[in-house]
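# Commentary on secondary and tertiary structure
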Amino acid sequence: MRAIRVHEFGGPEVMKLETVPDPVAGQGQVVVRVRAVGVNPVDTYMRTGTYAIRPQLPYIPGSDAAGEIESIGPGVTEFAAGDRVYVAAPHGGTYAERVACGVGQVHPLPARTTFSQGAALGVPYATAYRALFHRAQARPGETVLVHGATGGVGIAAVELAHARGMRVIGTGGTDKGLAAVREHGADVVVNHRAEKYTDEIVKATGGRGPDVILEMLANVNLDRDLGMLAKFGRIVAVGNRGRVEINPRDAMGRDAAILGMTLFNVSDADLREIHAALVSGLANGTLNPIVNRELPLADAAAAHEAVMQAGALGKIVLLPDR
Ligand code: NAP
C-alpha cells in the first residue's frame with residue numbers, strides 16, 4: 001500500500017510517500033481501508049521530534065481517519081468487512097491507504113456522516129468532549145467561551161456545548177470562520193484579533209464573565225481569560241505554544257480553576273463514553289464536522305504547513321485515493 005513515512009524528525013519535507021507492506025489484522029484487530037485522514041496540529045509537533053511523545057523511527061504519522069473495515073482478525077465480533085467506521089488511534093499509522101488497529105480504536109460511522117467528516121472526530125471531537133464535560137464539568141445553563149472556535153477542536157466544542165444546553169461564545173480570526181462558528185451553534189461570536197475584544201465577551205455575559213473557557217492558545221490568552229472569568233469559573237488549557245505570566249490573585253478572588261488536559265491521559269473507559277456520545281451525536285444530526293480542505297495523501301507536507309497557519313475553518317483532510 002501507499003503510506004507517508006517519516007525516517008528522520010524535522011520539517012514537513014521529512015514526510016515521504018512510500019510503498020510499504022499491507023498491514024494484517026492481528027488478534028482483536030481490524031484493518032481499515034482508509035478513505036480520509038484527519039490532520040491535527042499534534043501530528044506536526046510529533047514530526048519535529050520535540051514533542052513529549054517521540055515515535056520510533058521510521059513511522060507512519062496520524063491518529064485520525066475514516067473508511068471501511070477491510071478485514072477482521074481473530075476474536076473480533078464487533079465489526080464485519082464493509083462496515084463504515086472512523087478511527088481514533090493515538091499511536092499513529094493513519095497517513096496510509098490501510099491501517100490495522102484494535103477494536104477499541106474503531107467506531108461506527110453513521111450513514112449521514114461523510115468519510116472526510118469522520119476523519120475530523122478522533123482528536124478534535126474527543127478533546128472537546130473531554131475538556132467540556134470531564135475536565136470543566138460544564139453544565140446546561142452555563143456560558144462557555146470557546147477561545148479559538150474556528151478550528152477542529154473549536155467547532156466540535158461549539159457543537160457539543162450548544163447541544164447540551166449551554167450558552168456559547170466563540171472566537172475566531174476571520175469573518176468567514178466566525179460565520180461558520182455561529183452556524184454551528186454559537187450564540188455570540190467575537191473576533192480575537194480585534195482590539196479590546198474581551199470587553200465584548202464580558203458585555204455578552206452581562207458583566208459576569210463566562211463560567212467555562214476552553215482555551216486553544218493559553219500562552220497568549222490565559223492571563224486575560226482569568227481577568228474575565230465568572231466566579232467559580234473553570235479554564236481548560238487545551239492548546240498552548242509557549243509560556244505566560246498570570247496573577248494568581250485573579251484566580252483566588254474567583255475561586256477559579258485552571259485545568260490542563262491531554263487526550264493521551266484519557267482512560268479506556270472514558271474513551272468508550274466519549275465515542276458513544278459522539279456516534280450518537282453524529283447519528284441524530286447534532287454533530288456536523290466542518291471539512292475545510294481535502295488534499296491528496298501525497299500533499300501531507302502542504303497539509304502540515306496549512307494546519308499551523310492562522311485562519312482555521314474546521315478540518316484539513318488527506319485523501320489516499322486522490
Ligand atoms: P486548528 O484547527 O489549527 O485551530 C486553531 C484554533 O486556534 C483556531 O480556531 C484559531 O483561530 C485559534 N487561534 C488562533 N489565534 C488565536 C488567539 N490569539 N486566541 C484564541 N484562539 C486563537 O487546531 P485544533 O485542532 O483546533 O487544536 C487547537 C489547539 O489545541 C492546538 O494547539 C492543538 O495542538 C491543541 N490540542 C490539544 C489537545 C490536548 O489533548 N490538550 C488535543 C487537541 C488539540 P483563527 O485561525 O480563526 O484565528
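Please refer to the structure placed before this passage.
Residues numbered from 1 in each chain as written. Predicted model: local features only at pLDDT ≥ 70, side-chain atom pairs only at ≥ 80, totals over all residues. Heavy atoms only, no water.

## A short note on the overall build of the protein chain
So the rule is basically this: The way it works is that DSSP assigns letters per residue, a run of H or I at least four long becomes a helix, a run of E at least two long becomes a strand, and they are numbered from the N terminus. Each radius of gyration is computed over the set of C-alpha atoms, and the globule rule expresses the reference value as 2.2 Å times the number of residues to the power 0.38. The buried label applies to any residue whose accessible area, calculated with a 1.4 Å probe on protein chains only, is under 20% of its type's maximum; exposed applies above 50%, and partly exposed to all values in between. Contacts are assigned to residue pairs with any non-hydrogen atoms lying within 4.5 Å of each other.
Per the secondary structure count, the protein chain includes 10 helices and 15 strands. Expected size for 322 residues packed as a compact globule is a radius of gyration near 20 Å; at 20 Å, the protein chain falls within 12% of this value. For the protein chain, with 322 residues in total, the buried portion stands at 53%. For the protein chain, contacts bridging at least 24 residues in sequence account for 67% of all contacts bridging at least 6.

## A look at the environment of isoleucine 246
Summarising the element assignment, isoleucine 246 is placed in the loop between strand S12 (234–237) and helix H8 (248–252). Exposure remark for isoleucine 246: the relative accessible area of 30% places this residue in the partly exposed category. For the pair isoleucine 246 and valine 307, spaced 61 residues apart in the sequence, the C-alpha separation amounts to 28 Å.

## Concerning the pattern of salt bridges
We count it as follows: Any Lys or Arg side-chain nitrogen found within 4 Å of a carboxyl oxygen on Asp or Glu counts as a salt bridge.
According to the stated counting rule, one finds 12 salt bridges in the structure shown. Its salt-bridge partner being arginine 98, residue glutamate 70 comes within 2.6 Å of it at the nearest N-O pair. Placement of glutamate 70 in strand S4 (residues 64–72) and of arginine 98 in strand S6 (residues 98–102) is noted, with a sequence separation of 28 residues between them. Of the residues examined, glutamate 70 reaches a relative accessible area of 36% and is grouped as partly exposed. The salt bridge partner of arginine 322 is glutamate 294, with a shortest N-O separation of 3.9 Å. You can see arginine 322 sitting in the segment after strand S15 (315–319) and its partner glutamate 294 sitting in strand S14 (residues 291–296), a full 28 residues away along the chain. Accessibility expressed as a relative area gives 54% for arginine 322, which makes it exposed. By relative accessible area, which is 35% here, glutamate 294 ends up partly exposed. Here the salt bridges do not stand alone but share partners, grouping Arg33, Arg35, Glu68 and Asp321 into one network.

## A short note on the packing of aromatic side chains
Counted only if it meets this: Pairing of aromatic rings covers Phe, Tyr and the six-membered ring of Trp, with a centre-to-centre limit of 6.5 Å; geometry is then stacked below 30 degrees between planes, edge-to-face above 60, and tilted otherwise. Counting as a charge over the ring demands two things of the Lys NZ or Arg CZ atom: a distance within 6 Å of the ring centre and an angle within 35 degrees of the ring normal.
Applying the stated criterion across every chain, the model contains 4 aromatic pairs. Ring centres of tyrosine 45 and tyrosine 51 lie 5.8 Å apart, and the angle between their planes is 40°; this geometry places the pair in the tilted category. Ring geometry for tyrosine 129 against phenylalanine 133: centres 4.7 Å apart, planes inclined by 70°, an arrangement best described as edge-to-face. Taken as a pair, tyrosine 129 and phenylalanine 133 lie in helix H3 (residues 121–135) at a separation of 4 residues, close to a single helical turn. A single burial state applies to tyrosine 129 and to phenylalanine 133, both of which are buried. Geometry around phenylalanine 115 places arginine 84 over its ring, the cationic atom sitting 4.6 Å from the centre.

## Points about the site of the ligand
Applicable threshold: For this description, a residue counts as near a given molecule or strand if any of its non-hydrogen atoms is within 4 Å of it. The term polar contact refers here to a pair of N or O atoms within 3.5 Å; inside protein, the definition further demands a hydrogen-donor-capable atom paired with an acceptor-capable atom, and it admits residues adjacent in sequence only when both atoms are side-chain atoms. Computed by Shrake-Rupley with a 1.4 Å probe, the accessible areas treat only the displayed protein chains as cover when residues are assessed.
For the ligand, the set of nearby residues contains 28 residues, the closest of which are Tyr45, Thr150, His192, Arg193 and Gly311. Between valine 238 and the ligand, the recorded distance is 3.0 Å, taken from a backbone N or O atom to a nitrogen atom. Residue arginine 241 places a side-chain N or O atom 3.3 Å away from an oxygen atom belonging to the ligand. With the chains in place, 88% of the 920 Å² that the ligand exposes on its own is no longer accessible. Looking at the shell around the ligand, the elements that each hand over two or more residues are helix H1 (41–48), H3 and helix H4 (152–163).

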